[in-house]
Amino acid sequence: MAVQWSTEQFFAEYKDLQASAMGVDCVGQWALLAGRKALALVNLNNTDNVIKVARKSKWEISCVQWNPHASHAPIFVTASNQRLDVYTWRDGTAEHKCNLKAHSRTVSDVDWSPFDVNIVASCSVDTFSYLWDIREPKKPIASFQTVAGAYQVKWNKVTNNQFATTHEGDLRIWDPRKGNMPLTYIAAHLSKIHGLDWSPSSQDHLVTASQDCSVRIWNWKNHQRSEGMISLKDVPVWRARYTPFGEGLVTGVVPQLRRGENSLYLWSLENHNQPVHAFMGHKDVVLDFQWRKQSPDEVDYQLVTWSRDQSLRIWRIDSALQKLCGHHVAVADNDTSTQQTSLLTSRLPEDLSKSNTSLIEEQMATSFNTNMGTQQLQSLINEFSLINSNIPNVTIEGMDAVYRKCLVKAVSGKRSVILNLTFPAGYPNGEAPVFQFSETSLDPSMEKKILKVLKDTSLKHVQRNMVCLEPCLRNLISSLDSLTLEERRTPDSEVPFDLTSTTAVQAKSFNSKRFRTSYGNFQDSNIPFPRTSGASFCSAGYLVVYGRPADLKKSSADVTPKALSDMVVYNQVHRMKAPQPQTPYVAMFSCSPPPATQMMEYPCTISNFYTYKEKRQRTRSRSKHIKDVPDIPRRESNNVKSTKSKPKVGFVRVYDASNLLPIHRQLAEKYILDVNDVSNMCSANANAASAVGRKDLVQLWSLAAAMYVKTNDSHSREMFLESPWALCSLGRPLLESLLDHYCKIQDIQTVAMLCCMFWTRETIAKPKRSISKTSMDYSPANTDVGINYMYLGSSADSGWNILRKSPHTLFIFLS
Amino acid sequence: MVSVLNTIDTAHEDMVHDAQLDYYGTKLATCSSDRSIKVFDVRNGQQTLISDLTGHEGPVWQLAWAHPMFGSTLASCGYDRKVIIWKETNGTWAKLYEYSNHDSSVNSVAFAPHEFGLLLACGSSDGTISILSSTGDGTWDSKKINNAHSIGCNAVSWAPAVTPNALFDTGNRPPTVKRIVSGGCDNLVKIWREEDGQWIEEQKLEGHSDWVRDVAWAPSIGLPKSIIATCSQDCRVIIWTNDGTSNTWSSKVLQKFNDVVWHVSWSITGNILAVSGGDNKVSLWKESTEGQWVCISDVNKGQGQISEGQRTLQ
C-alpha cells in the first residue's frame, strides 16, 4: 500500500500503567496516559519524567482531553463511567477541580470548545449530549437528545457554535443556540462510526471513520453524498484525523481479533487510493494519536501515539512528509530541521538520513512546482534519500530531485573532480543518467576512461530498471583511486602520499579478518535472504540436514524475510528498540545503510536476526562477544563441547535414508541368482528382503518361485519347451504387471532381478554360474550385466546395462 | 525409517548456509556466513576437520561436489560475487580456480553430470547464469546466459545425462542434450538447452507467485518421465513433469507450506523429495502409486528425531 513507511523516532514502554486513553496538551509538553489505577503524566521532552497520580476507581477512563487554549493548558478533563472530572496539572500534582455529573450511562467522548476556554462537550450512550461550563459544574448548560446513543462529539475547529455527534452510522451537526434540533442529519455509514474529526481549515468539512472499513469525507452543507472515501480493505477504521498541516489524514485501525496490520497511515486528500506513508511499529491497536511540535518555531511535527501494547511512540513528520500532504514549508534553514533541541536527542539514535532529508526538504520547498510525473519524481526522491553518503572521498554537493540533477565531488590523492549527473525522465527504466565533469584535474584521456566506466555501470543497472547512483559513485572513486595508485607506482611522480584517504579505502576493502559480515548494501534488495536451514540428499541414501539451533527463534513469528535488504530494515528497527515490522511492506523497501560506526556497534548479521529476542537479556555477553570477535580463537577440535551455554550454530546431521529408497544396498549384496535351484534362490532372497523389512519383496519371492514352475502350455510348446509358467500366456500378464509395478515405484533392482530370472536362455547360450556373494556384481558370463549398486544413479555405464539388455530380451520374448 | 548416522559440530562462527556430502558419503563440506568453508571426514561416524577453506570475502551461500572422476573437487559461491573451485591434491586443499565475473551475489552452483565433463553452472543476483567448463589443461572457459532472470537468478540445477526412457528404449537414442533448469526473482522457472555451443531458452514455466528460491531436476533411472521440483517464497513447492513425448510440462502443487520454502532436494533414485524452509523443518515427500504426493516423514531438527509418517511403500 504505502510506498513509504517509517518507524518511530522515539519509543517508551509503560507496562504498569494499563492506560486506556491518551491526550497531549496543547503546548506539546505533557502526555496524559490515563488508566483505571492511575493517571500518568509523561514529559514528552524528557520521557523519564513520569509523574503518576493514583486513582481509585473500578471504572476505566474512556477518554481524556486537555484544554486546547494555551492560557488554560494545564487543565484537562477525563471521562470515566458516567462522570467527567476536571483537573488542573500544577507543580507535579493533578489537582481535582470539579466533577460533572449528569449522564446516566458511560460517557463515550468529551471535547473542549476551541473557542471558549470553559466549555466542554460530552456525549454518552444514554442518548444525551451535554455542554458544560466548568465554572458551573453542577449541571450542564445545554443538553441535546437523540434517539440513539452518541459515541463521538467534536466541535467545529473553524467556526464557533457548531459541533457534531455520531450515533451508530449517523452523523448530526448541531448549533447549541438552536436547541435540541440538529442543523442536519447525515446517514454517513452502514456500520458504527468510531471516529470523527473536523477539518482544521474548512468550516464545512469533516471526516468519519467507521466499522465498515472506510473513511468518508463530508461537506455537511452538501451531505447527499460524501466527497471522498478511503477504503481500508478489510479493516475497521478506528480513527481518522486531519493533519495540522496541508491536506492530509491519519488513520488508525482496529483489526479484527486484534491481529494483523496496526500501522497508522498518512493519506493525502488528493489520493484516496493509496496512503502516502505508513507508521509501523506498534504491536497492537493504536488507541490514540495526537500532534505536537517540539517548539513552536519547529518545522517538523511529531505524531504521538499510544497503543494497547502499552508503548508510547513519537514519529517525526518532517517537511518531506508534510509535503506529501500538500504542505509546502517555507525554505527551512538547515539548522531548524536538523537540530534536535530537546533532551530527546540523547536517547535517540543518530538520525541517519538527516542530512539527506533536509537537503530534499529544501529542494521541495523551493522548487516543487514542476509538472514532472510524480512517480518518477518519487522514485528519484527515494533514491536520493536512500543514498549512502558515506562513500569514502565522495561528497555529494547537491541533489535536486525536481530538476533531476546531482552534483558530486570526488577526491583521490591530488586529483579531484566535480561530476554533474542529470537523470532523464525515463530513468531508471532503461535510460541512464548523463555524466559530465564540471571541474576536473584529469587529462582528457583519463576523463574519457572514467566516463566510460560510469556509463557502463549505469547502463548495466538501468537496463534492468535498477537505480544506479550509488554504484556509479562507488565506481567513480575506485577508478580515480586506481589512477592515483598507478601514478604512485611510477617513480618520477611527484604526487604526495595521501595516506589518510588511501588507508581508509584499504581498511574497508581489505578487511580480510574473519568478522561477522555486515549487510547493508542498498542493492541487496534483489539478493534472496539466505537459507539458514536445509536438507539435501547426498551420495547414496544419505540425508544431510543443517539448521538453526532449536533455541534460536525467529524474531518475528510470521515473516521470513525475502531479501537481504530486509535485514537492513530490521537492523534499523532493531536499533530503535522497536519490534520487527510485521508487514510485507518491508520487502518493498530497502534503506540506506547506517553509518559505519553504527554498523560496528550493531552488526547486522543473519544470526542477529534470529537471536534478537534473547539478546535483550544477554546484552552484556553479546556486546562483549562482538568486541572480541576478531580475536576469538577458533575451536579446531570438533569434539569439544560448546562451553557457551547456547551454540550460535546448529549441528549438521547426517541421516541414513537408504531405507526410503526403492533399491537397497544390502539386498544387492545378499541376493543370489541361481536358476538351477530356483526354490533355494527364492527363499534365500525372500530372507534377504525380510531382513531389510521389505515385506512386499518377501511376498514377491514366494510368488516368483511359484511362477517359475515349468508348464507344458500348448501355445508355447512349439516355441519354447519347458518354459516357466510366468512366460506362458496365462502367466505372462502377471509378470508384466509385476514389472510395471516395480518400474512405477522405481524399484529397478527388483525389475532387474525379475528380468534375470525369467529371461530366455534359449535364445542365448546358457550362462555359466558365476556368483560371488561378496561382490556386489553379478555377471552372467556372456552378457555384460552387472549391478554396481554403489555407483548407481551416477554411473550410467555399469549399472544400467542389465536393464537395457534384459528387458530387451524379455520383451522379445513377451511379444 | 531414517536414523541419525552422525552429528557434526561444525564450529562455524555464524549461520551455516549449506552442507553437502561428497559422492562416496565420506567427506562433508559446510559453508557459512563466517566466510569459511569447512571440510570434515565423516567416515564411520567420526568428524575430523580436514580443512578450513578461506578465500571468500563474504558469506558463502552454496557448495557443490564434483564427480570423483575429477578428483576431490568442490565449488562454492557467495555474497562476494565470486565462485571458487577448490581441489584436494595429496591431502591439501587449495584454490583451483576463482571466477569473479558476476556483478552481484552468486547464489547457486551446480556441477553437471560427469558425462559432460567438469562443467559448473552458477546463478547470480545480477540476473545471469554462467557455465564454467574446464578445458582439462588447467584453464577454464566461461559462457554466460545474459538476463536469464530479470532482477536475479536464485538457483540452478542440471538435467541428468540419462535420456528419458533410456531403460526401455533400445533404439537409436539421440545424443544427450545438456539442459539446465533455473529459478529467479521474476517468479519464473526456465529450462535452458545447449545447442551448437549456445544456451537457448527452451521452456518458461510459470506457476509461482513470488521469487523462486530453489530448483531441482530429479535424477533419472531411465524411466520415461522427467521431473523438476521448484520451491518459492510463496510457500509452495511445485512438481513439474514432462512425459518424455511432448515438450509440455504439467505442474502439480505439492503443498502450500506455512513458511517460505528455501530448498528442495531429490534422492538419488529421484523418488523422494526433501523440502526445507524458513521454519527450520524438513519434510520428505514421495509420490504414491496413484500419483499423489504424500509426506512420508518429518525431520524435526530441534530434537534431532525423525518421526515416522504415513508410510506408503508397498
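In short, a report on the structure. (Residues numbered from 1 in each chain as written. Chains lettered and ligands numbered in written order. Predicted model: local features only at pLDDT ≥ 70, side-chain atom pairs only at ≥ 80, totals over all residues. Heavy atoms only, no water.)

### Observations concerning the sheet that holds strand 2 (residues 16-21) of chain B
All names here are of chain B.
Turning to step 1, where the next piece is worked out: Across the sheet, four strands lie side by side as 2-3-4-5; this open sheet has antiparallel pairing. In the strand order of this sheet, the two ends are held by strand 2 and strand 5 (48-54), each with one partner. Shown here is a sheet whose adjacent strand axes are inclined to one another by a mean of 20 degrees, direction ignored.
Turning to step 2, where the next piece is worked out: With five bridges joining them, strand 2 and strand 3 (residues 27-32) adopt antiparallel strand pairing. When the bridges of strand 3 are listed, alanine 19 appears paired with threonine 30. (Pairing = 2+ DSSP bridges. Helix = DSSP H or I, 4+ residues; strand = E, 2+ residues; numbered from the N terminus. Axes fitted to C-alpha atoms, helices over the stretch in contact; angles between N-to-C directions.)

### Some points on the pattern of salt bridges
Residue and element names in this part refer to chain B.
Turning to step 1, where the next piece is worked out: For the structure on display, the rule yields 31 salt bridges over all chains.
Turning to step 2, where the next piece is worked out: Among the ionic pairs, lysine 178 bridges to glutamate 194, the shortest N-O distance being 3.1 Å. Residue lysine 178 is found in the loop between strand 14 (153-158) and strand 15 (179-184), and its partner glutamate 194 is found in strand 16 (residues 188-195); the two are separated by 16 residues along the sequence.
Turning to step 3, where the next piece is worked out: By relative accessible area, glutamate 194 is classed as buried at 19%.
Turning to step 4, where the next piece is worked out: Across the pair arginine 236 and aspartate 234 runs a salt bridge, and its minimum N-O distance is 4.0 Å.
Turning to step 5, where the next piece is worked out: For arginine 236, a relative accessible area of 26% puts it in the partly exposed group.
Turning to step 6, where the next piece is worked out: Salt bridges sharing common partners tie together Glu57, Lys82, Lys95 and Glu98. (Salt bridge = Lys/Arg side-chain N within 4 Å of Asp/Glu carboxyl O. Buried < 20%, exposed > 50% of the residue type's maximum accessible area, 1.4 Å probe, protein only.)

### Some words on the packing of helix 15 (residues 695-707) of chain A against helix 18 (residues 748-758) of chain A
Angle between the axes and distance between the axes are the two parameters that describe a pair of packed helices.
Residue and element names in this part refer to chain A.
Turning to step 1, where the next piece is worked out: Viewed as axis vectors pointing N to C, helix 15 and helix 18 meet at an angle of 15 degrees, and their least axial separation amounts to 12 Å. Taken as axis vectors, helix 15 and helix 18 run roughly parallel relative to one another. With respect to the hand of their crossing, helix 15 and helix 18 are arranged in right-handed fashion. Where helix 15 abuts helix 18, its residues Leu697, Leu700, Trp701, Ala704 and Met707 lie against Thr750, Met753, Leu754, Met757 and Phe758.
Turning to step 2, where the next piece is worked out: Partitioning the contact of helix 15 with helix 18 into residue classes produces nine nonpolar, one polar and no charged. (Parallel < 35°, antiparallel > 145°, perpendicular 65-115°, else oblique. Left-handed = near helix turned anticlockwise from the far one by under 90°. Contact = heavy atoms within 4.5 Å. Nonpolar A, V, L, I, M, F, W, Y, C, P; charged D, E, K, R; others polar.)

### What about the sheet that holds strand 35 (residues 542-546) of chain A?
Turning to step 1, where the next piece is worked out: The antiparallel open sheet is built from four strands, whose spatial order is 34(A)-35(A)-36(A)-1(B). In this open sheet, the two strands that pair with only one neighbour each are strand 34 (534-538) of chain A together with strand 1 (3-8) of chain B. Ignoring strand direction, the axes of neighbouring strands in this sheet form an average angle of 25 degrees.
Turning to step 2, where the next piece is worked out: Pairing geometry for strand 34 of chain A and strand 35 of chain A, over five bridges, is antiparallel. Across the sheet, cysteine 538 of chain A pairs through a bridge with tyrosine 542 of chain A, a residue of strand 35 of chain A.

### Considerations on the side chain of histidine 282 of chain A
All names here are of chain A.
Turning to step 1, where the next piece is worked out: Within the secondary structure layout, histidine 282 lies in the loop between strand 26 (277-279) and strand 27 (286-292).
Turning to step 2, where the next piece is worked out: The exposure class assigned to histidine 282 is buried, which follows from its relative accessible area of 7%.
Turning to step 3, where the next piece is worked out: A polar contact of 2.7 Å, which involves the side chain of histidine 282, links it to the side chain of threonine 305.
Turning to step 4, where the next piece is worked out: Looking at histidine 282, its side chain comes within polar contact range of the side chain of serine 311, at 3.3 Å.
Turning to step 5, where the next piece is worked out: Sequence-distant contacts of histidine 282, defined by excluding residues within four places in its chain, comprise Asn262, Thr305, Ser307, Asp309, Ser311, Arg313 and Trp315. (Polar contact = N/O pair within 3.5 Å; in protein donor to acceptor, adjacent residues only side chain to side chain.)

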